[in-house]
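Understanding the architecture of this molecule
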Amino acid sequence: MSCIFCKIVAGEIPCHKVFEDENLLAFLDIHPCNPGHTLVIPKQHFENLLETPAVVVLQLMNGVHTLAPRVVAAVGAHGFNLGVNTGPASGQVIMHTHAHIIPRFEHDGLVHWPTKEMTSDELHQITLKICKGI
Ligand code: AMP
Ligand code: ZN
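Our subject in this report is the structure included herewith. (Residues numbered from 1 in each chain as written. Chains lettered and ligands numbered in written order. Predicted model: local features only at pLDDT ≥ 70, side-chain atom pairs only at ≥ 80, totals over all residues. Heavy atoms only, no water.)

1. Remarks on the site of ligand 1
Around ligand 1 lies a shell of 16 residues, among which D29, G91, V93, H98 and H100 are the nearest. The separation between an oxygen atom of ligand 1 and a polar side-chain atom of N85 is 2.9 Å. V93 has a polar backbone atom sitting 2.7 Å from an oxygen atom of ligand 1. Relative to its free-state accessible area of 500 Å², ligand 1 is covered by the protein chains to the extent of 85%. Secondary structure elements with two or more residues in the shell around ligand 1: helix 1 (4–9) and strand 2 (24–28). With three residues, helix 1 is the single largest residue contributor to the shell around ligand 1. Of the residues assigned to the shell around ligand 1, the class counts are nine nonpolar, six polar and one charged. (Near = heavy atom within 4 Å. Polar contact = N/O pair within 3.5 Å; in protein donor to acceptor, adjacent residues only side chain to side chain. Areas by Shrake-Rupley, 256 points an atom, 1.4 Å probe, with all protein chains shown as cover. Helix = DSSP H or I, 4+ residues; strand = E, 2+ residues; numbered from the N terminus. Nonpolar A, V, L, I, M, F, W, Y, C, P; charged D, E, K, R; others polar.)

Below you can see the structure in the form of structure tokens.
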């Protein structure tokens, strides 16, 4: 088994565990964006969100819903970002499905991703493709 998160689940690599149940494990990110940055993972190995069965995604989101307020309260944050990087182009480095709960503070210096200008026609063409399921 080469997956680092599977090794954490198996107890072969230590982690700062904040939650565990039958299906999920949550622990602090070793390189946090902000204090309290938490990763929530299914115990079962799936490569990314889209490879994860819907029932497991629901368990994952339920865990996020339970844990996010605890994380926010623990570090006195004012909000949080939820991120699920999916695929290398998105910045996914660990190929085991995980959700990032990133606590946010007013003026914490983290910047939002930049935006692009698109015409109404360009937006419309993409809308049609998504609606058609292409
Ligand atoms: P991603 O880029 O979405 O794949 O995020 C992977 C995250 O896992 C990064 O934020 C890393 O800091 C974090 N990470 C990597 N190894 C460990 C570890 N052993 N314990 C906790 N977090 C880790
Ligand atoms: Zn794994």
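2. Overview of the coordination of the zinc ion (ligand 2)
Donor atoms from the polypeptide that coordinate the zinc ion (ligand 2) comprise C3 (SG), C6 (SG), H45 (ND1) and H96 (ND1), at 2.0 to 2.3 Å from the metal. Geometry at the zinc ion (ligand 2) is tetrahedral, judged from its four donor atoms and the angles of 106 to 118 degrees they form at the metal. Accessibility expressed as a relative area gives 12% for C6, which makes it buried. H45 gets classed as partly exposed once you look at its relative accessible area, which sits at 38%. (Donors = N, O, S within 2.8 Å, 3.2 Å for Na, K, Ca; no water. Tetrahedral: all angles 85-135°; square planar, octahedral: opposite > 155°, others 65-115°. Buried < 20%, exposed > 50% of the residue type's maximum accessible area, 1.4 Å probe, protein only.)

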